[in-house]
Amino acid sequence: MATRFRGGSGSAFPGLVVEKADPDFLARTLSQLPRGVVVVSGTNGKTTTTKMVVELLRGQGLRVATNRSGSNFTRGVVASLLGEVNAFGKLNADIAVLELDEAHAVHFVKAVRPNHSLLLNVMRDQLDRFGEIDTTAGLLRTIAEHTTDGVVLNREDHRVARIADSVPGRTVSCFGLGPAVKHHFPSDDDLHADSGSAARESPEHASVDADAPPVPADVVLSELTPGGGTFLVGGERISTQLRVTGAYNVYNAAAALALVRQALGDDADAGRLIDSLALVAPAFGRGESLTVNGQPLDLVLVKNPAGFRLGLSSFPHAGTATMIAINDDYADGRDMSWLWDVSFEVLAEHGVAVTSGVRAYDMALRLTYDHVHVGSAEPDLGTALKAFVAGHPETPKRIYCTYTAMLAIRRHLAAYTEVEDFA
């Protein structure tokens, strides 16, 4: 029986088996849920935002099914659900919250129409997979068009905000930024405005009126505070501390709040939402802080210029030892030329202790062009981590890393400290 298969360690293999043996498993299983299905997609922030949404809904007393392993392809969703259905194929949940890769989400929503979708952003990320940026925006538009009840959009991303025109009859909510913090979150067009290339010539970009008044947003991040942020939620000003670190994760919190408020409507308890938000732990590698030899060690996932720039601007650099680990496996994106679109000048004063990963020497060269001193370049991640920890025993540490490098580093860190299993 298909429901006897169980995934482990993030494996999507059982999902592949069930997809072949029982093609209707996904639609049949999810159709049972009284509050339906929520999809989270976009280039950056899917994993952290999905985790936030899950915890916010659980804080409202709901049973939530999710693809916790972070396997955001359709077969990964199937594998995750297999672990939660009983012997009769029934899912013990009120609602499903699913993180989906942009391209695979298009296939998912044609089989299972979500009740609500949250579309975060469009960045030049892994273009060897998806092609031009407007193609990625088109994938998100398809997700919205197949959503039945409501769509939540990032009003600061012009390509995402314009999707509102494609979903007549659905509720559209937005999350956004206040004037005081907007400069912390450059859009893809901001990053490429000086290049005179695809961003400026794109038809989508050409039709944007930069002087137009902002679209009203249900949740606005108005201020970044030490260890948290201040939000305007339905017009009410609310400040809270957060366990997640990094400015980008505070903005993800705004997105999660907007989605849950739309999905629950008047059933949402605002006080409990904020209480739950303050307790959400970081998703693995997304602003995750571990303790190694009595000192904090932060892991910061980087995937593209915008994400790297946000990561660099989200943390103080004084008194912190820095390591950068760059791989170019399929899950990272094979073309790492985007590193040249990131300004690393903020690291110049304190330098980088070590670069590592497959592209250790490329990263060291890139830093040199921004006058950042590099202590050493060591491609082997285990060797580099050992030297990094040993060389800075009394100093807080931070590692910026691509996806597969982050996974390997977490495995090596298990020799130093307790590392949460994300499977």
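Asker: Break down the overall build of the protein chain for me, citing the residues and quoting the values.
Answerer: Each helix and strand counted, the protein chain has 17 helices and 15 strands in total. Across the 423 residues in the protein chain, those meeting the buried criterion constitute 55%. For the protein chain, restricting intrachain contacts to residue pairs at least 6 apart in sequence, the fraction spanning at least 24 positions comes to 74%. Split by element, the accessible area of the protein chain, about 17500 Å² in all, is 51% carbon and sulfur.

Asker: Now, about the pairing of strand 14 (residues 374-378): what can you tell me, with residues and values included?
Answerer: Where strand 13 (residues 352-356) meets strand 14, four bridges bridge the pair, whose relative direction is parallel. Note on strand 14: the bridge partner recorded for Val352 is Val374. As a crossover connection, the stretch from strand 13 through helix 15 (residues 360-369) into strand 14 is right-handed.

Asker: Let's hear about the sheet that holds strand 7 (residues 219-225): which residues, and what values?
Answerer: Here we have nine strands laid out as an open sheet, ordered 2-3-1-4-5-6-7-8-9, and mixed in their pairing. Whereas interior strands pair on both sides, the edge strands pair on one side only; in this sheet they are strand 2 (64-66) and strand 9 (236-241). Adjacent strand axes in the sheet meet at a mean angle of 20° when their direction is disregarded. Two strands pair when backbone bridges link them, and strand 6 (residues 171-177) and strand 7 are joined in this way by three bridges, in the parallel orientation. Counted as the bridge partner of Leu177 is Leu221 from strand 7. Strands in contact with helix 3 (residues 46-59) are strand 1 (37-41), strand 2, strand 3 (95-99) and strand 4 (116-119); relative to strand 3, the strand with the most contacts, it is inclined by about 165°.

Asker: Describe a nonpolar patch on the surface, listing the residues and the values that go with them.
Answerer: Side chains of Trp340, Leu365 and Tyr369 sit close together on the surface and give an oily, nonpolar patch of about 350 Å² of accessible area. Note that Leu365 resides in helix 15.

Asker: Account for the nonpolar core, with residues named and values stated.
Answerer: By size, the foremost hydrophobic cluster in this structure holds 63 residues, and its most contacted members are Leu57, Phe231, Leu257, Phe308, Ile324, Phe344 and Leu367. Ranked by residues supplied to this core, first place goes to helix 12 (residues 247-264) with 13 residues. With residues near it in sequence (within four places) discarded, Phe308 still touches Val302, Ile324, Ile326, Trp338, Leu339, Val342, Phe344 and Tyr400. Counting 33 residues, the second-largest nonpolar core is a separate cluster that includes Val37, Val85, Ala96 and Val151.

Asker: Quick one: what's the story with the packing of helix 3 against helix 12, residue by residue and with numbers?
Answerer: Between helix 3 and helix 12, whose axes approach to 9 Å, the crossing angle comes to 45°. Taken together, the axes of helix 3 and helix 12 lie oblique to each other. The handedness of the crossing between helix 3 and helix 12 is right-handed. Facing helix 3, whose interface residues are Thr48, Thr49, Met52, Val53, Leu56 and Leu57, helix 12 presents Asn249, Asn252, Ala253, Ala255, Ala256, Leu257, Leu259, Val260 and Leu264.

Asker: Go over unusual backbone geometry, please, and point to the residues and values.
Answerer: For Asn293, which is not glycine, the phi torsion reads 55° and is therefore positive. Checked against the element boundaries, Asn293 lands in the loop between strand 10 (286-292) and strand 11 (295-301). Phi angles above zero are rare outside glycine, and His371 is one such case at about 60°. When you line up the elements, His371 lands in the loop between helix 15 and strand 14. Using a relative accessible area of 69% as the deciding quantity, one classes His371 as exposed.

Asker: Lay out the packing of aromatic side chains with the relevant residues and their values.
Answerer: When we look at a pair of aromatic rings, we describe it by the centre distance and by the angle of the planes. Evaluated as defined, the whole model comprises six aromatic pairs. Ring centres of Phe185 and Tyr251 lie 5.1 Å apart, and the angle between their planes is 50°; this geometry places the pair in the tilted category. Linking Phe185 in the loop between strand 6 and helix 9 (188-192) with Tyr251 in helix 12, this pair joins segments that are 66 residues apart in sequence. Ring pairing ties together the aromatic residues Phe308, Trp338, Phe344 and Tyr400, which thus form one cluster.

Asker: Got a sec to walk through the side chain of Arg155? Specific residues and values, please.
Answerer: Along the chain, Arg155 turns up in the loop between strand 5 (150-154) and helix 8 (158-161). Polar contacts involving the side chain of Arg155 include one to the main-chain carbonyl oxygen of Leu177, which spans 3.1 Å.

Thresholds, definitions, all that
Residues numbered from 1 in each chain as written. Predicted model: local features only at pLDDT ≥ 70, side-chain atom pairs only at ≥ 80, totals over all residues. Heavy atoms only, no water. Helix = DSSP H or I, 4+ residues; strand = E, 2+ residues; numbered from the N terminus. Buried < 20%, exposed > 50% of the residue type's maximum accessible area, 1.4 Å probe, protein only. Contact = heavy atoms within 4.5 Å. Areas by Shrake-Rupley, 256 points an atom, 1.4 Å probe, with all protein chains shown as cover. Pairing = 2+ DSSP bridges. Right-handed = clockwise from strand over helix to strand, strands pointing away. Axes fitted to C-alpha atoms, helices over the stretch in contact; angles between N-to-C directions. Patch = residues over 30% accessible without salt bridge, like charges linked within 9 Å, V, L, I, M, F, W, Y side chains within 5 Å. Salt bridge = Lys/Arg side-chain N within 4 Å of Asp/Glu carboxyl O. Core = buried A, V, L, I, M, F, W, Y, C linked by side-chain atoms within 4.5 Å. Parallel < 35°, antiparallel > 145°, perpendicular 65-115°, else oblique. Left-handed = near helix turned anticlockwise from the far one by under 90°. Phe/Tyr/Trp six-rings, centres within 6.5 Å; stacked < 30°, edge-to-face > 60°. Polar contact = N/O pair within 3.5 Å; in protein donor to acceptor, adjacent residues only side chain to side chain.

Any functional reading would require information that these geometric values do not contain.
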